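# Structural description and commentary
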Amino acid sequence: MASDEKKMVSASKPALSPNNDDLNSNVLSMMYKFFKKVSVVGAVYLVGYLQWSVAWLIGPVILSVLRDQWRKESEYRRNLAKATAQSSEKDVVLARLDDLPAWVFFPDVERAEWLNRILLQVWPNVNQFARNILKESIEPAVAESLANYKLNGFKFERVILGTIAPRVGGVKVYDKNLSRSEIIMDVDLFYAGDCDISFVLQRIRGGIKDLQIHGMVRVVMKPLITKMPLVGGLQIFFLNNPSIDFNLVGAADILDMPGFSDILRRCIVEQVAKMMVLPNKLPIKLSDEIPTVDLRMPEPEGVLRIHLVQAQNLMKKDVSMLGKGKSDPYAIITVGAQQWKTKHIDNTVNPRWDYWCEARIMQILGQVLEIEVFDKDEGNDDDELGKCSLDISQVVRLGRLDKWQTLQQAKHGKVELRLSWHRLTTDLTELSRALTETMLVKTGDLSSAVLSVYIDSCKKLPNARPQSRPDPYLTVTVGKKTENSAVQMRTDDPVYEIGYSFLVQNPEIDNLEIKVLDSKTGSQLGQLVYGISTLLKQKDLTMITQPLMLQKSGPESKIILSLKLRIFKEAIREEEYEEEDIDPSLPEEQSPPISPTAPPPILETIDAAAPNPIPYRAANLTEPELKNINDEEPDTSSQKSVPVETIEKAVDVPQEYSPPAERDSPKLVHRTSSLTTSSGEAGLGRILLSLRYSMQNQTLYVVVHKIMHIPLKDPSNVPDPYVKLYLLPGRSKDSKRKTVVVKDSCMPEYDEQFEWVIPLTELHSRHLEITVATHKGFLGGSPVIGQVIVHLNQYDFREAKTLWFDLMPETTTPRD
């Protein structure tokens, strides 16, 4: 331990003379380069000597070029992130201020700078804490995960996090809708330091450099007390999985291909998620006056029921004899650390999964539902077909939500989601309704309640071996889910202080089963089978800190635990819970009640702060609603390719769930097709687009809403229009996007969103080429109907823009 600290101190000082470690690393580096050159020359000589085909050289060369390109791109991203981490935090936060309109800062961003100074001061102590976590928790878990890929013997040898402390990009403090005994703070945490971590894997020594971690950390301070330190404890956790990147060095650098590094990264992310990504939290007790159960007992706010119905128009990734075939799609659903995977369906681009799952939601604000769609291939190299995300607070506000979500990072494709939000209650009258609702769904094992379990300790366990204390750990099981605790070494009175939450199908018949096992012998030291129906007779369905006798154990063996049971409530609108939040000035027809059979009206959300400004379009408006909406467009503009209108009408509609201080940022707009829209300056029609740039994600978002009044030259030949987009200069497949084809329509509606990752410094030198074409051309061609050139340097992207553009005749754009 002392040697590690000395190495860390030495690393923080300027190197005045090379030490033995530096010399050894230089010698190893030179030897590695020498043998690498010799192997290349030897391979060329061998191919010529054996008179092999030149194809034996082309394959390895192509792989080498691809590997070098991948490494250059990864190194560029890491260097950029490191430069950001070492720059002035005030400039970084101010540059991103437009993406964070709801964040509360001290004047001149002093709050973030203040926290950064604290982190820098305590970083040497955090180094020691982080080393212990990596060695005791992360290392054995990663080793077990890598063993599933036939990679054995993983072990950390040296862990030095360096002198560069994490940076805080911004701080958001909630002051509304909170309990009086808690403080909630969100911290945008970013680490890109000079760490030095070495490991051994299958007797191969390697290292990790340029480790980077970025994510939104929530700190909950509760309960507040009247004595120092005024806060009883902390709960620290990531709202969603953080992004983790690193660079492999040493002998393991040979294996640093996307496949191996992705496996290692995936294993590390999984273990971080098990520790401190919701629903998992890292609790820290600050006062002995506060019972540990108050900090570690899980407290779900509700359950999100997810029904992934189907997907349509996915990309074709499989290759057949006749060209591109179809795909074998499956989907991965992620909410924080919770993840589910659907079955894959062979040879289709329109799969129907009918997959059900349920997510325990510990924090409504900030959590996101993510859907990733992949094409199943042999091995682990599956092709990505796109992904999408949805803020869970939208579902909470509406109660039920049925919508098509456009896939991002894909040329086309969308998925159908049916979501319902269930709050939790102790009212036993809700149990029969919840059980009936689960029985109506034949294709999924749905739940009716949530059981929270807190295990404090065990007492007087028997010895697993003669005259030797056991090394006990717990397995906690409800239904099909099992959780394992950490091992407590050489004790018959182990203290665990751990909490879990489980979904319960039927509390009247299901059981909680706890087994105490010895890690060395695998023998059982005792067990407890507890009928969950017993809690139905307890006050508030709760049992707090009770010792229960262990079965098949010693005569005085006990386990001390606490239990809470909560029953699902019916999914209804948020307004039904808090009527005072409803604005009485809103007309009744603008906030119709949501029911399972009546989907909500069209709403178009344009949020300058949201990372994914996807318009919400669930179903067509009814006839009375159409009459109440006036979406007239003004006369045609005389300027070529210049927007002629910004849609900002009827904004007085119910807003998404958010604290009152944040409800001014979203802009919700009713929209329908107008039959009186002009055909544009050139008579080729007009196109409605939404444009937004996210400085936080360095991403340009473009939403293609609809096209109005495409000219109909031949009534017997109605066009099949689609929209093609290029981000220029740099015409390539990577910059191309394309909507679906709408059959036989002169007024097609798409509501598809596309995105390009582009640095802010390059944004104003780019322009968008939007081309509208039809599939009904001569000999299968696609004649161009009209075109728009959007110069991005003409717009201020601090907020989203929804604009009409006149379609003009096709222009000759230089081919880059």
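That block above? That's the structure.
This one's a predicted model, so the numbers in the text were calculated from it and none came from an experiment.

What counts and how
- Residues numbered from 1 in each chain as written.
- Predicted model: local features only at pLDDT ≥ 70, side-chain atom pairs only at ≥ 80, totals over all residues.
- Heavy atoms only, no water.
- Helix = DSSP H or I, 4+ residues; strand = E, 2+ residues; numbered from the N terminus.
- Buried < 20%, exposed > 50% of the residue type's maximum accessible area, 1.4 Å probe, protein only.
- Areas by Shrake-Rupley, 256 points an atom, 1.4 Å probe, with all protein chains shown as cover.
- Lys, Arg positive; Asp, Glu negative; His and termini not counted.
- Salt bridge = Lys/Arg side-chain N within 4 Å of Asp/Glu carboxyl O.
- Polar contact = N/O pair within 3.5 Å; in protein donor to acceptor, adjacent residues only side chain to side chain.
- Phe/Tyr/Trp six-rings, centres within 6.5 Å; stacked < 30°, edge-to-face > 60°.
- Lys NZ or Arg CZ within 6 Å of the ring centre and 35° of its normal.
- Core = buried A, V, L, I, M, F, W, Y, C linked by side-chain atoms within 4.5 Å.
- Contact = heavy atoms within 4.5 Å.
- Arc of directions from axis to C-beta.
- Pairing = 2+ DSSP bridges.
- Axes fitted to C-alpha atoms, helices over the stretch in contact; angles between N-to-C directions.
- Patch = residues over 30% accessible without salt bridge, like charges linked within 9 Å, V, L, I, M, F, W, Y side chains within 5 Å.

Counting its secondary structure elements, the protein chain contains 11 helices and 37 strands. Looking at the protein chain residue by residue over its 816 residues, the buried ones come to 48%. Approximately 40,900 Å² of the protein chain is accessible, and the part contributed by carbon and sulfur atoms is 54%.

Before going further, it helps to examine the side chain of glutamate 755. Looking at where glutamate 755 falls in the secondary structure, it is placed in strand 34 (residues 749–757). Within the buried set, glutamate 755 has no salt-bridge partner at all; the shortest N-O distance to an opposite charge, 6.8 Å, is to lysine 387. Side chain to side chain, glutamate 755 and glutamine 409 meet in a polar contact 3.4 Å long.

Turning next to the packing of aromatic side chains. Applying the stated criterion across every chain yields a total of 5 aromatic pairs. On the numbers, 5.8 Å between centres and 40° between planes, the contact of tryptophan 123 with tyrosine 191 is tilted. A residue pair is termed long-range when its members are at least 10 positions apart, and tryptophan 123 in helix 5 (residues 110–147) and tyrosine 191 in strand 3 (residues 183–192) qualify at 68 residues. Each member of the pair, tryptophan 123 as well as tyrosine 191, is classed as buried. A ring pair is formed by tyrosine 500 and phenylalanine 502, whose centres lie 6.3 Å apart and whose planes are at 55°; its orientation type is tilted. Comparing tyrosine 500 with phenylalanine 502 shows no difference in burial state: the two are buried. Members of the aromatic cluster, joined through ring pairs, are Phe154, Phe156 and Phe199. Taking the ring centre of tryptophan 404 as reference, the NZ or CZ of lysine 414 above it sits at 5.0 Å. The aromatic ring of tyrosine 722 is capped on one face by lysine 738, whose charged end is 4.8 Å from the ring centroid.

Counting residues in each nonpolar core, the largest one holds 39 residues, and the members touching the most others are Leu451, Ile455, Leu512, Ile514, Ile559, Leu561 and Leu563. Contributions of two or more residues to this core are made by helix 9 (429–439), strand 19 (449–459), strand 20 (472–478), strand 22 (495–504), strand 23 (511–518), strand 24 (524–531), strand 25 (542–549) and strand 26 (558–568). Non-local contacts of leucine 512, meaning those with residues more than four positions away in its chain, are made with Leu451, Val453, Val476, Thr477, Val478, Leu528, Val529, Tyr530, Ile532, Leu561 and Leu563.

Turning to helix 9, its buried residues are Glu430, Leu431, Ala434, Leu435, Glu437 and Thr438. The buried residues of helix 9 occupy one face: seen down the axis, they fall within an arc of 160°. When the buried face of helix 9 is taken as reference, the exposed residues oriented beyond 90 degrees from it are Thr429 and Met439. Residues of helix 9 that are buried sit in contact with strand 9 (302–312), strand 17 (400–406), strand 18 (414–425) and strand 26.

Further remarks concern the pattern of salt bridges. Counted according to the given criterion, the structure contains 22 salt bridges. Note that glutamate 430 is salt-bridged to arginine 433, the shortest N-O span being 3.0 Å. Taken together, the positions of glutamate 430 and arginine 433, both in helix 9 and 3 residues apart, correspond to about one turn of that helix. Residue classification places glutamate 430 among the buried residues on the basis of a relative accessible area of 17%. We classify arginine 433 as partly exposed; its relative accessible area is 22%. One salt bridge connects aspartate 471 with lysine 520, and the closest N-O pair in it is separated by 3.6 Å. Of the two residues, aspartate 471 is situated in the loop between strand 19 and strand 20 and lysine 520 in the loop between strand 23 and strand 24; the sequence distance between them amounts to 49 residues. Salt bridges sharing partners connect three or more residues here, namely Arg305, Glu358, Arg400, Glu430, Arg433 and Glu437.

Our next topic: the sheet that holds strand 36 (residues 784–791). The strand order 33-32-35-36 describes an open sheet built from 4 strands, whose pairing is antiparallel. Each edge of the open sheet carries a strand with a single partner, namely strand 33 (736–738) and strand 36. Pairwise comparison of adjacent strand axes, ignoring direction, gives a mean angle of 15° for this sheet. As judged from the 8 bridges shared by strand 32 (residues 721–728) and strand 35 (residues 767–774), these two strands associate in the antiparallel manner. When the sheet's bridge partners are listed, tyrosine 722 is paired in strand 35 with alanine 773.

All right, on to a nonpolar patch on the surface then. A cluster of nonpolar residues, Met31, Phe34, Phe35 and Val38, forms a patch on the protein surface that exposes about 420 Å² of accessible area. Residue position: valine 38 is located in helix 2 (residues 20–49).

The subject of this paragraph is the side chain of threonine 348. Considering the arrangement of structural elements, one finds threonine 348 in the loop between strand 13 (338–341) and strand 14 (352–361). Accessibility expressed as a relative area gives 15% for threonine 348, which makes it buried. In this structure the side chain of threonine 348 is engaged in a polar contact, spanning 3.0 Å, whose partner is the backbone nitrogen of asparagine 350. If we skip the residues at most four places from it in the chain, threonine 348 touches Lys326, Ser327 and Pro329.

This next bit is on the sheet that holds strand 23. In spatial order, the strands read 21-20-23-24; together these 4 strands make up an open sheet with antiparallel pairing. The strands lining the two open edges of the sheet, one partner per strand, are strand 21 (481–484) and strand 24. Within this sheet the neighbouring strands show an average axis-to-axis angle of 15°, counted without direction.

With an omega of -10°, the peptide bond running from lysine 222 to proline 223 counts as cis. Along the polypeptide, proline 223 turns up in the loop between strand 5 (204–221) and strand 6 (233–238). Cis geometry marks the peptide bond from methionine 228 to proline 229; its omega dihedral reads 15°. Positionally, proline 229 belongs in the loop between strand 5 and strand 6. Located in the positive-phi region is asparagine 347, a residue other than glycine, with phi close to 55°. Turning to its location among the elements, asparagine 347 is positioned in the loop between strand 13 and strand 14. On the accessibility criterion, asparagine 347 (51% relative accessible area) is exposed. Located in the positive-phi region is glutamate 497, a residue other than glycine, with phi close to 50°.

Successive side chains on a regular strand alternate, one facing one side of the sheet and the next facing the other. In this structure, strand 12 (residues 329–335) lies alongside strand 15 (residues 368–375), joined through 7 bridges in antiparallel fashion. Paired with alanine 331 across the two strands is valine 373, which belongs to strand 15. Across 8 bridges, strand 15 lies against strand 16 (residues 383–391) in antiparallel orientation. What sits directly across from glutamate 372, in strand 16, is lysine 387.

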